Structure formats: structure tokens, C-alpha cells
Amino acid sequence: MPSPLRSLSGLLAAALLGACAKTETAVELGNRTQVLHQNISAEPQDLDPHLMQTNAHFNVLMALYEGLCGYDPRDLHPVPGVAERWDVSADGLTYTFHLRANAKWSNGDPVTAADFVFSAQRLLSPSLGSPYGFYYDIVAGAADFAAGRSKDFAQVGIRALDARTLRVELNQPAPYLPFLTGSFSWYPVHRATVEKHGPAAAPYTGWTKPGHIVTNGPFTLADWKPGQEIIVRKNPLYWDAARVRLQEIHFHLIENNETEERAFRTGQLHLTEFVPASKLRPYHDREPQLLQIAPFFMTYFYGFNTTRPPFNDGRVRRAFSLALDREKLALTQSFQNVRPATGQVPPGSDGYVYDGEYRLRFDPAEARRLLAAAGYPDGKNFPSTDLTFDTNGRHQLIAEVLQQMWQQNLGVHLNLANVEGKVFHAERLRKAYDLGRAGWVGDYLDPHAFLSVFLSTGGQNVTGFANADYDRLVRAALGERDHAKRLALYRAAEDLLLREQPILPLFFDTSRHLVSPAVKGRYPNLLDYHPYQGMWLEP
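Residues numbered from 1 in each chain as written. Predicted model: local features only at pLDDT ≥ 70, side-chain atom pairs only at ≥ 80, totals over all residues. Heavy atoms only, no water.

Draft legend 1. Just the environment of Ala-367, in detail. Relative to the elements of secondary structure, Ala-367 occurs in helix 12 (residues 364–373). According to the relative accessible area criterion, Ala-367 is buried, its value standing at 0%. Linking Ala-367 and Ala-263, residues 104 residues apart in sequence, is a C-alpha distance of 44 Å. Residue contacts for Ala-367: discarding those within four places in its chain leaves Ala-319, Leu-322, Ala-323 and Leu-410. (Helix = DSSP H or I, 4+ residues; strand = E, 2+ residues; numbered from the N terminus. Buried < 20%, exposed > 50% of the residue type's maximum accessible area, 1.4 Å probe, protein only. Contact = heavy atoms within 4.5 Å.)

And the structure:
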């Protein structure tokens, strides 16, 4: 029998060891078990790829779904996805995609060409209300079907020739089509699952909830804890499952930037969606290996609601733009490498640069003249107006700078309206705002990716702007085969857009993330797309 003294000594030693033992963080555990912790900020309203809301939500959709093509993680050139290869006709108007035999849905059903036809018809159906129908404008007959001018989907140039052959017929050559088929708007959805929960073209019927959803990507939906996280788990039926090293991804839903940074610093996150402005310099100076800042094909802007006063008057919109010192605004974004916007389309668009008459500039005297001409001299009698943005420390700071500039240069005071992300995005689509924050990331490296947004029929054109001449120029550019003439048409369209000023471009943005050194197979790129198939964690 051991002595009481020895027993007490043993207990004390054990207690001391327990007290000194370090608790394993989520990141450390994830490194051992290949579980990635990534923040995506605002919670999605749904996981329906045809109703996606923000670029951050595309991270979840990329894990759950796969299109005809995928992306190389370094430079994003199209690589085979569900389609193992594709052919292009000599005139560039017909693409034939050959689907792989081992592509399966997560319930074991084969992924077929008919799935892509069904999904395209669903997205283009007016009753779904998808804001992404314009991504199919290059497809023969798609615009007419989406606008309700045609009721016969057989007239749309997307056809299943057999179970494994899909033909896409275009209005004009579009060499970026393979890239586009890797985006959310071209993702297939599982027909039987969608129709089990309601009409195929009805939005938000619940088919994407855990236990219901069937997907075809490298991961499946395991759980969704509202306000906390979305968990996806490796899909054993994915055709390339052998290459997928991550076992799970936990997409955290932390909207506050400071809270997000603390979670990263304390080992709860491998990846952040943003970096608080106040933390950029400390990381830049002390831990630069954790800070990843890269050029981004994105414009940060505000949109005017042109359907109601005071911004239904073009003079007021121009005044608000001319009253902004974008150089000074960019300087408030310390260590972010942003560039003042000169137009709406950022650099990186196949040699396109806007340098027209309405190139954005700072001219407070002309701004005051226009505002007075509109009936508001020195800002007098200007109606109460909200400057709306979604919850985020950076958005708050930018809104405060804008508020100060308009107060100083126009004599106009705007009310700051900070709105929770999910509500903010829903209100934008309903045009329930005066002047609202926006941002656009091109889905492919071409001016059309930005300028097509503001077509009269554009689902993401929530400004109320509609101009037949603008529509004609953008559509003519899409069909122009001569490269120089095509870019000239886009410049003319952007000239018109900036003359009418339904939007307020502020700066060309960068992507900014905190990234754990354990994350491998993830590379900075212009679109901030990061396929998960080749990503892994290394302790």
C-alpha cells in the first residue's frame, strides 16, 4: 500500500502537469485532422448557387458544387471539371462538352448533361428571380427566355445530345465561356431534390438545408449552425476524391472584423475574410508572413437609387461624385494598396483602360454648381438621406469619410445606416435604400464582367438605371470580333455610364487575408478564387 505522502506527491505532480499542459486550439487540432477553419463573414441566406449573394459565399459553393470546368489554383485558367474535355467549332459559336463517366451526385446518381440543361432553365426562369441571368446572355436565345419574351426553352442554345454530351450554342464568340462554366451561375443542381421541395423555379423552398441538399462537388453539407458556422465534409463519391486532402471545412460566420482577427490570433481560424484596418500595420511590421495582400479584380463603389428623390436627378449624382477626393480616400486605407478609381472597370481586363471624358475627378466647385442647379444651394433643403452599408469596420470607416467629404464640400449631411449583412443584401435587391455600399468582383477577366451588370435587364443592377443606348453598346461590344473595336465600344459604354452616374466608384480594391502558415495549396490571384481540391494543412 503506498504511503499517504507519496500519494499526495503524485497528485500534486499530476495537477501541476495538467495546469501546465496547453489546450489544443481549433487550428492545431485541424492541422492534425485536416479540418480547415475559414471565416466568410456575413451568413448566406441560402446555399442555392443560382441565388448567391456575395463573393465570400462562393467559397462555400465551390466546396459543395462543381461546374463543367474548374480552375487552376495559381492562375485560374480553366481545367476539366465535370467535363473531361470540350471541343470548339471553327467559328467559335459552338462548344461541345464531354462529361466524365464517373461524375456523381452525393447520393450516387450520375451527373448528366440533362442536369446542366435543367439548371440553366431554372436559373433563367423569371419566377426564380436569379440576379445572374446575364451570365447566359452569350448563349443563343437565353436573354429572350430570361426576359419572358420566349416561353420555349428549346429555343435556348443549351442541349443534351446524350447523357454525357452537352452542346452550347452562342450568339457570338466568347473565348471566356470555359472559365464562366466554372462559376456558380453555371453550377448544376440536383433536379429530384429541388422538385421534391417545391416548384423548380421557386426560390428559397428549403431544398438546400442539411439533410435535404444533394451536391456534386468535393464536399457535402454536414451541418449549418445559424449565426455560427457552416460545416462541409469530404465527399467520398466525388470523382477526384483521391486528390482531396481536407476532411472538413468549417466556414465561420463572424461579421465583426475585430472579433475575426482575435479568433485568428487565438488559433480559432486558419483564414480570415478581412483584416481590420487597425491591424494591418502591426501585421505588416511584425508578422508579414501572416498577412496576404494581393491585387483584386474588384471595384469598391456605392450605388444610387435612381428611382426616387434626390438621386433621380443626374445633377445630384454628378455633384456627389465630383465632391469626393478619391486620392485622399485611398490614403485612409493604410497598408491596403488600393488605387483611386478612375472609372468602374479595374485594371486587368485584357488591355482595357477607360480614359474618356467622364474619367472620375475631384472638382468641388463644379459639384456645388450642379447641386445648386438641382435646387439645393450649399446643401439647403436637401432631404434626409441614408448612407447604407453592411456591418463591417472597414465599411463604417469609409462611410464616415464619405459623410465628412459631402458635409465639407456640399454642405449636405447624410445619415449613416449600418445594416446586418443578410438584411442589407435583401434590401439592395428590393431597392429599399437611398445610397448604398456595393462592390463588384469580375467573374472573368474582361470588361464585360463589369459593364454587363448595368444592363437594363441585369439582375444585379439595383440602381434603377436603364438606358437603351448603353444596352446597345454593351451588347454590340460582346458581338464584335475585332479586339480594338470591341474595347472602343466598351469605352463608349463606360463613358455613358459615368456621365449618367448611377454608381459612385471609389477605388480598385485588393484582397486582404490573414493566412496561417499551415495552409498549403492556396495562392493569391486576381479573383481571389481558391479551389479546395488541392488545398491541405501542414502542422
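Draft legend 2. Region of interest: the pattern of salt bridges. If you walk through the whole model with that rule in mind, you get 21 salt bridges. Residue Arg-437 is joined to Asp-390 by a salt bridge in which the shortest nitrogen-to-oxygen separation is 2.6 Å. Of the two residues, Arg-437 is situated in strand 15 (residues 435–441) and Asp-390 in strand 13 (residues 386–390); the sequence distance between them amounts to 47 residues. Here Arg-437 matches Asp-390 in class, with each residue buried. Across the salt bridge formed by Asp-509 and Arg-394, the nearest N and O atoms sit 2.9 Å from each other. Here Asp-509 is found in strand 16 (residues 503–514), whereas its partner Arg-394 is found in helix 13 (residues 393–410), with 115 residues between them in sequence. Side by side, Asp-509 and Arg-394 carry an identical accessibility label, which is buried. Each of the salt bridges in this network shares a partner with another, and the network as a whole consists of Arg-394, Asp-509 and Arg-512. (Salt bridge = Lys/Arg side-chain N within 4 Å of Asp/Glu carboxyl O.)

Draft legend 3. The arrangement of the sheet that holds strand 4 (residues 83–88) in detail. Here we have 4 strands laid out as an open sheet, ordered 4-5-7-6, and antiparallel in their pairing. Taken across any chain shown, the strands that pair with only one partner, and hence form the sheet edges, are strand 4 and strand 6 (158–162). Taken over all neighbouring pairs, the strand axes of this sheet differ in orientation by 25 degrees on average, direction set aside. Here 5 bridges tie strand 4 to strand 5 (residues 94–99), and the two strands are oriented antiparallel to one another. Bridge pairing links Val-88 to Tyr-95 in strand 5. Against the sheet, helix 4 (residues 113–124) engages strand 5, strand 6 and strand 7 (165–169), with an angle of about 165 degrees to strand 6. (Pairing = 2+ DSSP bridges. Axes fitted to C-alpha atoms, helices over the stretch in contact; angles between N-to-C directions.)

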